[in-house]
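Below are the chains, spelled out letter by letter.
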Amino acid sequence: MNRTLSLNEYATPEHALKYLARADGIPHRTEGEGVLLDFIPKSARRILDLGTGDGRLLALLRLDRPDARGIALDMSPTMLAAARERFRGNEQVGVIEHNLDVPLPDLGHFDVIVSSLAIHHCTDDRKRALYSEIHAALEPGGIFCNLEHVSSATGNLHARFLHALGITEADEDPSNKLTSVELQMRWLRGIGFEEVDCYWKWLELALFGGVRR
Ligand SMILES: C[S@@+](CC[C@H](N)C(=O)[O-])C[C@H]1O[C@@H](n2cnc3c(N)ncnc32)[C@H](O)[C@@H]1O
């Protein structure tokens, strides 16, 4: 398959459902989610979740922040339906269709913007532009946390990651556009984020982000 094509498998129900079926089995992801939850203030009032899937991360955040309002954003019809089902009857959460390949719509300002395993489906140019849009959409003091699938430093480490997932190269998601955590942190610093660091990492899963001053 030609990986330079801008394809996104999540537009198909089969791919979206395949992900949802194995989402809980991704090794160590709950550790990363736990560290992310620790970084987000309990006083958070307005949270945006980019590439929300079925709303898993936003729902986790709202367990301890029941008064927080949230926006769950995704482009996959299957994921949007799952998120709408999860948040049905909850007037504090809005589910919005948007493709991250184009600039974010004006959704107002947020004190928290999160994303989990989604932005790596954008090209590097788009990731970088999106991080600027995220910075602009944060309130002063607002925090961005991205629990992301990043590239490995070596082919051996990549093979080790695939092995831990129990898959081979042939099973890899052709819509992955993996980028190192170091490069993405450099972009965040260049945009003006502060407190930028990698807060947690296991092989190709990394939690990184920063704060808007
Ligand atoms: C691996 S799933 C992660 C879902 C969820 N964040 C989670 O942690 O379980 C990737 C998600 O990103 C969404 N996604 C991928 N590319 C996107 C794009 N260009 N615009 C919006 N959402 C996108 C997919 O539809 C899917 O819901």
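Please read these numbers as outputs of a predicted model, since none were measured by experiment.

K.L.:
Would you take a moment to explain the nonpolar core for this structure?
P.N.:
The nonpolar side chains of a soluble globular protein tend to be buried, and buried together. Ranked by internal contacts, the top residues of the largest apolar core, which has 37 residues, are Leu36, Ile40, Ile47, Val114 and Cys145. Not counting chain neighbours up to four residues away, the residues in contact with Val114 comprise Leu36, Ile40, Ile47, Leu48, Asp49, Leu50, Leu57, Leu61 and Cys145. Tyr131, Val150, Trp187 and Ala206 belong to the second largest nonpolar core, which has 26 residues in total.

K.L.:
Any chance you could explain the confidence of the model for the protein chain here in plain terms?
P.N.:
Regions with low pLDDT should not have their predicted coordinates read in detail. On average, the protein chain scores 94 in pLDDT, and the residues at 70 or more come to 97%. Contacts of residues 1-5 to residues separated by more than four positions or lying in other chains number four contacts, the stretch itself having pLDDT below 50.

K.L.:
Honestly, helix 1 (residues 13-22) in this entry has me stumped. Any pointers?
P.N.:
Because each turn of an α-helix spans 3.6 residues, side chains separated by three or four positions in sequence point in the same direction. For helix 1, every residue scored as buried is listed here: His15, Ala16 and Tyr19. Projected down its long axis, helix 1 carries its buried residues within an arc of 100°, all on one side. Counted as exposed and oriented over 90 degrees from the buried face of helix 1: Glu14, Lys18 and Ala21. Those residues of helix 1 that are buried are in contact with helix 2 (29-39) and helix 4 (77-86).

K.L.:
Is there a simple way to think about the environment of Leu36 in this case?
P.N.:
Position of Leu36 among the secondary structure elements: in helix 2. With a relative accessible area of 0%, Leu36 lands in the buried category. Sequence-wise, Leu36 and Tyr199 are 163 residues apart; in three dimensions their C-alpha atoms are separated by 8.2 Å. Among residues more than four places away in sequence, those in contact with Leu36 are Leu57, Leu61, Val114, Cys145, Leu147 and Leu207.

K.L.:
Can you walk me through the sheet that holds strand 4 (residues 110-116) in this structure?
P.N.:
Neighbouring strands of a sheet are bound in pairs by backbone hydrogen bonds; such pairs are parallel or else antiparallel. The strand order 3-2-1-4-5-7-6 describes an open sheet built from seven strands, whose pairing is mixed. In the strand order of this sheet, the two ends are held by strand 3 (93-97) and strand 6 (194-202), each with one partner. The mean inter-strand angle of the sheet, taken between neighbouring strand axes irrespective of direction, is 15°. Sheet topology note: the strand 4/strand 5 (residues 138-149) ladder contains six bridges and is parallel. Of the residues in strand 5, the one forming a bridge with Ser116 is Leu147. In the packing of helix 4 onto the sheet, the strands contacted are strand 2 (69-74) and strand 3, and the crossing angle to strand 3 comes to about 170°.

K.L.:
Please explain the pairing of strand 5 as it appears in this structure.
P.N.:
On a regular strand, each side chain points to the face opposite its neighbour's, so the side chains alternate between the two faces of the sheet. With nine of twelve residues buried, strand 5 is to be regarded as a mostly interior element. Handedness of the crossover joining strand 4 and strand 5 through helix 5 (residues 124-137): right-handed. Pairing between strand 5 and strand 7 (residues 205-211): seven bridges, direction antiparallel. When the sheet's bridge partners are listed, Phe144 is paired in strand 7 with Gly210.

K.L.:
What exactly am I supposed to notice about the packing of aromatic side chains here?
P.N.:
A ring pair, where both rings are aromatic, is described by two values, the distance of the centres and the angle of the planes. Inspection of every chain in the model, using the stated rule, returns seven aromatic pairs. Geometrically, the ring pair formed by Phe144 and Phe193 is tilted, given 5.9 Å between the ring centres and 40° between the ring planes. Of this pair, Phe144 sits in strand 5 while Phe193 sits in the loop between helix 7 (181-191) and strand 6, and the two are 49 residues apart along the sequence. A single burial state applies to Phe144 and to Phe193, both of which are buried. On the numbers, 5.7 Å between centres and 50° between planes, the contact of Phe161 with Trp202 is tilted. Taken together, the residues span a long stretch of sequence, with Phe161 in helix 6 (residues 155-165) and Trp202 in strand 6 at a distance of 41 residues. Accessibility expressed as a relative area gives 2% for Phe161, which makes it buried. Trp202 gets classed as buried once you look at its relative accessible area, which sits at 17%.

Here is what the cut-offs are and how they apply
Residues numbered from 1 in each chain as written. Predicted model: local features only at pLDDT ≥ 70, side-chain atom pairs only at ≥ 80, totals over all residues. Heavy atoms only, no water. Core = buried A, V, L, I, M, F, W, Y, C linked by side-chain atoms within 4.5 Å. Buried < 20%, exposed > 50% of the residue type's maximum accessible area, 1.4 Å probe, protein only. Contact = heavy atoms within 4.5 Å. pLDDT = per-residue confidence, 0-100. Helix = DSSP H or I, 4+ residues; strand = E, 2+ residues; numbered from the N terminus. Arc of directions from axis to C-beta. Pairing = 2+ DSSP bridges. Axes fitted to C-alpha atoms, helices over the stretch in contact; angles between N-to-C directions. Right-handed = clockwise from strand over helix to strand, strands pointing away. Phe/Tyr/Trp six-rings, centres within 6.5 Å; stacked < 30°, edge-to-face > 60°.

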